[in-house]
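Residues per chain, in single letters:
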Amino acid sequence: MIIGTVVGSVVSTRKADRLVGSKFMIVELLDSMQGAGWRLVAVDSVGAGVGETVLVATGGAARLAPGYDGAPVDAAIVGIIDDGAGLS
Amino acid sequence: MIIGTVVGSVVSTRKADRLVGSKFMIVELLDSMQGAGWRLVAVDSVGAGVGETVLVATGGAARLAPGYDGAPVDAAIVGIIDDGAGLS
Amino acid sequence: MIIGTVVGSVVSTRKADRLVGSKFMIVELLDSMQGAGWRLVAVDSVGAGVGETVLVATGGAARLAPGYDGAPVDAAIVGIIDDGAGLS
Amino acid sequence: MIIGTVVGSVVSTRKADRLVGSKFMIVELLDSMQGAGWRLVAVDSVGAGVGETVLVATGGAARLAPGYDGAPVDAAIVGIIDDGAGLS
Amino acid sequence: MIIGTVVGSVVSTRKADRLVGSKFMIVELLDSMQGAGWRLVAVDSVGAGVGETVLVATGGAARLAPGYDGAPVDAAIVGIIDDGAGLS
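Everything in this summary refers to the structure shown in the same document. The structure presented is a predicted model; accordingly, all values stated were derived computationally and were not measured.

Least-squares fitting of chain B to chain C yields an RMSD of 0.0 Å, with the superposition described by an axial translation of 0.0 Å and a rotation of 72°. Seen this way, the second copy is the image of the first under a five-fold rotation axis. A share of only 8% of the interface residues of chain B reappears at the interface of chain C, consistent with the copies meeting through non-equivalent patches.

Dropping the structure here:
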């Protein structure tokens, strides 16, 4: 998994039916992480908000996040880091 | 998922049977995204057009886009971003 | 998917049984593509030849190319681009 | 697989139910490895500790590590390298 | 798939049960390949030795190499290149 900060979200009205109701969060990866500084879009399964430091699971793991079985997603927030401010 | 702009499409006459009828869109990733500025080819499941900002699902997620079950594809456009012009 | 040019092939006599009869093509990715300029090895499902511009599916998608179900392959040529010379 | 050093761990109280009880280790990849110097988060299946050199399996392989079947994880420590100090 | 040279191996005594009996080979990717010059760890299914040029399958493909069904591995040597010395 990788750790990043939620920096915003995007809205998509025209999307695959299976994605209706999903929130698309923009996550910026921490500087120390693989893919440092880059952003990706992840669906949320834990109620994460902007500014929180989150754990993102990618690939097939994203579809094992609660609520995303069978959905065309490849990244999901699966945890919120308790002491995120101390990471970089 | 990653966000990019549809910059064109390619045509392939000789292709795997399962791909007949698919449109192959060239998507250029936003500068802020993982893989910044690079292009990939994605099939389309939402009727995206050139110039639109789109959400692309990769890997096995692409085969969960409507119409691509069992197709040899690893990237699919699964949503069109509403406020794409404001992203970079 | 990614687009590249077939630049050659390699031969492997000692290989997994399931790969007997497969042709291993070396594909060099276009400069505009993710992984620009690098090469990978893909099996062929459409009769591609050296110099042709091809569409390559990676990951599990490769095993959905005709003839590769259950084979230990992670990249397959699934289409030949009609107007490949115009791409870069 | 890739080899890295366990440099710490993170705690996540709010997380997907399936992850309750998992320990999230931060692994820094060896300089010689693909993704050199970058960090990722892996669950542990072998009792690895900080400072140990470990073998990390990624993607679907992580969910084949003991205890992670069906969990939304994409990286797992599956072995501890005996002579890790000699690697770079 | 990617092509690399076997440069050594590592030993892991404490590992997932399913990996008992596996040999972990360190493969350095050819300069022309995606991930040029970097190393990864692959299990062996064809009896490859140090100095040999090998074909490596990654992701789920690795678990289709003979003997690795259900094992937590993401890279496997699936072929030895006949004319490896001529590649770079």
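Our focus in this paragraph is the interface of chain C and chain E. In this complex, chain C contributes 26 residues to the contact, which on the side of chain E involves 28 residues. Contact between chain C and chain E buries roughly 2000 Å² in total, counting both sides, with carbon and sulfur atoms accounting for 59%. Linking chain C to chain E there are one salt bridge. At the surface where chain C touches chain E, the tally comes to twelve residue pairs in polar contact (both at pLDDT 80 or more). For the side of chain C that touches chain E, the elements supplying multiple residues, two or more each, are strand S2 (14-15), strand S3 (24-29) and strand S4 (39-44) of chain C. Here the side of chain C that touches chain E gets five residues from one element, more than from any other, and that element is S4 of chain C. The residue inventory of the side of chain C that touches chain E, partitioned by class, reads 16 nonpolar, five polar and five charged.

The subject of this paragraph is the pairing of strand S4 (residues 39-44) of chain A. Residues and elements named next belong to chain A. The buried fraction of S4 is high, at five of six residues. Across five bridges, the pairing between strand S3 (residues 24-29) and S4 is antiparallel. Along S4, the bridge assignment pairs Val27 with Leu40. Taken together, the two bridges between S4 and strand S6 (residues 75-80) define a ladder with parallel strand orientation. In the strand pairing of S6, Asp44 is matched with Ile77.

Under the defined criterion, the tally for this structure stands at ten salt bridges over all chains. When the shortest N-O distance is used, the salt bridge between Glu52 of chain B and Arg14 of chain A registers 3.5 Å. Within this pair, whereas Glu52 of chain B is found in the loop between strand S4 (39-44) and strand S5 (53-58), its partner Arg14 of chain A is found in strand S2 (residues 14-15), the two belonging to separate chains. Residue classification places Glu52 of chain B among the partly exposed positions, given a relative accessible area of 24%.

Quick look at the relation of the copies chain C and chain E now. At an RMSD of 0.0 Å, chain C and chain E line up after a rotation of 72° and a shift of 0.0 Å along the axis. A different interface surface on each copy is seen, since only 8% of the contact residues of chain C are contact residues in chain E too.

Time to look at the nonpolar core. Within the largest apolar cluster, 180 residues are counted, with the highest numbers of intra-cluster contacts made by Ile77 of chain A, Ile77 of chain B, Ile77 of chain C, Ile77 of chain D together with Ile77 of chain E. Among residues more than four places away in sequence, those in contact with Ile77 of chain E are Val6, Met25, Val27, Ala42, Val43, Asp44, Ser45, Val46, Ala48, Val54, Leu55 and Val56 of chain E.

All names here are of chain A. Where strand S1 (residues 2-10) lies against strand S5 (residues 53-58), four bridges are found, and the strand directions are antiparallel. Counted as the bridge partner of Ile2 is Val56 from S5. Relative to S3, S1 runs antiparallel, the two being bridged by six bridges. Across the sheet, Ser9 pairs through a bridge with Met25, a residue of S3.

Reading the values: the criteria
Residues numbered from 1 in each chain as written. Chains lettered and ligands numbered in written order. Predicted model: local features only at pLDDT ≥ 70, side-chain atom pairs only at ≥ 80, totals over all residues. Heavy atoms only, no water. Least-squares fit on C-alpha atoms with pLDDT ≥ 70 in both. Contact = heavy atoms within 4.5 Å. Buried area = accessible area lost by both parts, 1.4 Å probe. Salt bridge = Lys/Arg side-chain N within 4 Å of Asp/Glu carboxyl O. Polar contact = N/O pair within 3.5 Å; in protein donor to acceptor, adjacent residues only side chain to side chain. Helix = DSSP H or I, 4+ residues; strand = E, 2+ residues; numbered from the N terminus. Nonpolar A, V, L, I, M, F, W, Y, C, P; charged D, E, K, R; others polar. Buried < 20%, exposed > 50% of the residue type's maximum accessible area, 1.4 Å probe, protein only. Pairing = 2+ DSSP bridges. Core = buried A, V, L, I, M, F, W, Y, C linked by side-chain atoms within 4.5 Å.

Everything listed is a geometric property; what it means functionally is a separate question.
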